[in-house]
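# Topology and contacts: notes
The chain contents come next:
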Amino acid sequence: RQGRRRSLVTVRVHRQRITEDRGHVSTRIGLPKTILVCAVCIFAGNIFSIPSFAQEGSTGFSDKAAAVYEAGIAALKARDFKRADALFDEALDEQSDHPEANYFRGLANAYLDKDRQAEKYLKRAIKARSSFVEAREWLATIHVRRGDMGDANDQLTEIESLLE
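This text gives an overview of the structure that appears in the document. This structure is a prediction, so every number in the text was calculated from the model and none was measured.

Counted at 1.5 Å a residue, the expected span for helix H5 (residues 99-111) with its 13 residues is 18 Å, and the 18 Å between its end C-alpha atoms agrees. Among the 13 residues of H5, 12 are classified as buried, and the element is accordingly described as predominantly covered. At its buried positions, H5 is contacted by helix H3 (63-77), helix H4 (81-94), helix H6 (115-128) and helix H7 (133-146). Remark: Asp-113 follows H5 within two positions and exhibits a positive phi of approximately 60°.

Written out as structure tokens, the structure reads:
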């Protein structure tokens, strides 16, 4: 609960900075860099941190696909993003709307700098579970990297509403 409260405060601070900077570009580093700094601050503590739902026992997959899914998580933890992408692709063959598998595949693609692919899988994760805060955080990061500041702000707004 305290973690969600801290996240909500962080999102509100960064949303306020984005809103303030829209009216006038920051003279020190400019709007895009300001928003990028905000996104980095939000996620700095979560880089290479696999969320707790990755450790839960039931994945909703068959035994074979569950083993592939778990191997994908292990590959993410080992920072083997190409292998993780391939493994989550295989797991998603069984259940294409699995929110966590789509999230993790999006995460692997984000670390491979495949932003379009990352966005595709993060959006699938959100479609499967609209309250998926972590997927929205990463989607906001992808939007910032691509310079889509309005879309990044929209995701922060959604995150804020989910955390309230």
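Applying the stated criterion to the full structure yields eight salt bridges. We note a salt bridge from Glu-119 to Arg-146, for which the minimum N-O separation is 2.2 Å. Linking Glu-119 in helix H6 with Arg-146 in helix H7, this pair joins segments that are 27 residues apart in sequence. By relative accessible area, Glu-119 is classed as buried at 9%. Across the pair Asp-148 and Arg-146 runs a salt bridge whose closest N-O atoms are separated by 3.1 Å.

Not every positive phi belongs to a glycine, and Arg-79 is a case in point at roughly 65°. Position of Arg-79 among the secondary structure elements: in the loop between H3 and H4.

Right, let's get into the packing of aromatic side chains. On inspection of all chains with the given rule, the structure shows eight aromatic pairs. Centroid distance Tyr-69 to Phe-104: 6.2 Å. Interplanar angle 55°. Geometry classified as tilted. Pair noted here: Tyr-69 is in helix H3 and Phe-104 is in helix H5, with a separation of 35 residues, a long-range link. For the pair Tyr-69 and Phe-104, a shared accessibility class is recorded, and that class is buried. Here Phe-104 falls in the buried class, since its relative accessible area comes to 0%. By the ring-pair criterion, three or more aromatic residues cluster together here, those being Phe-61, Tyr-69, Phe-88, Tyr-103, Phe-104 and Phe-132. The ring of Phe-132 has Arg-129 lying over it, and the distance from NZ or CZ to the ring centre is 3.9 Å.

The next thing to look at is the nonpolar core. Ranked by internal contacts, the top residues of the largest apolar core, which has 30 residues, are Tyr-69, Leu-76, Phe-88, Tyr-103 and Phe-104. Going through the elements one at a time, H3, H4, H5, H6 and H7 are the ones with two or more residues in this core.

Within the element layout of this structure, His-143 appears in helix H7. Filtering out sequence-adjacent residues up to four positions away, His-143 remains in contact with Glu-119, Asp-148, Asp-151, Ala-152 and Gln-155.

On to the side chain of Arg-105. Mapping Arg-105 onto the fold places it in helix H5. For Arg-105, a relative accessible area of 8% translates into the label buried. At 2.6 Å, the side chain of Arg-105 forms a polar contact with the side chain of Tyr-121. The contact partners of Arg-105, leaving out residues within four places of it in the chain, are Asp-85, Phe-88, Asp-89, Leu-92 and Tyr-121.

Right, let's talk about the packing of H3 against H5 for a bit. With their axes 11 Å apart at the nearest point, H3 and H5 run at an angle of 30° to one another. With respect to each other, H3 and H5 are oriented roughly parallel. The hand of the H3/H5 crossing is left-handed. Residues Tyr-69, Ile-73 and Leu-76 of H3 touch H5, and the partners they reach there are Glu-100, Ala-101, Phe-104, Leu-107 and Ala-108.

About the criteria used
- Residues numbered from 1 in each chain as written.
- Predicted model: local features only at pLDDT ≥ 70, side-chain atom pairs only at ≥ 80, totals over all residues.
- Heavy atoms only, no water.
- Helix = DSSP H or I, 4+ residues; strand = E, 2+ residues; numbered from the N terminus.
- Expected span 1.5 Å × (residues − 1).
- Buried < 20%, exposed > 50% of the residue type's maximum accessible area, 1.4 Å probe, protein only.
- Contact = heavy atoms within 4.5 Å.
- Salt bridge = Lys/Arg side-chain N within 4 Å of Asp/Glu carboxyl O.
- Phe/Tyr/Trp six-rings, centres within 6.5 Å; stacked < 30°, edge-to-face > 60°.
- Lys NZ or Arg CZ within 6 Å of the ring centre and 35° of its normal.
- Core = buried A, V, L, I, M, F, W, Y, C linked by side-chain atoms within 4.5 Å.
- Polar contact = N/O pair within 3.5 Å; in protein donor to acceptor, adjacent residues only side chain to side chain.
- Axes fitted to C-alpha atoms, helices over the stretch in contact; angles between N-to-C directions.
- Parallel < 35°, antiparallel > 145°, perpendicular 65-115°, else oblique.
- Left-handed = near helix turned anticlockwise from the far one by under 90°.

Any link to function would need more than the numbers given here.
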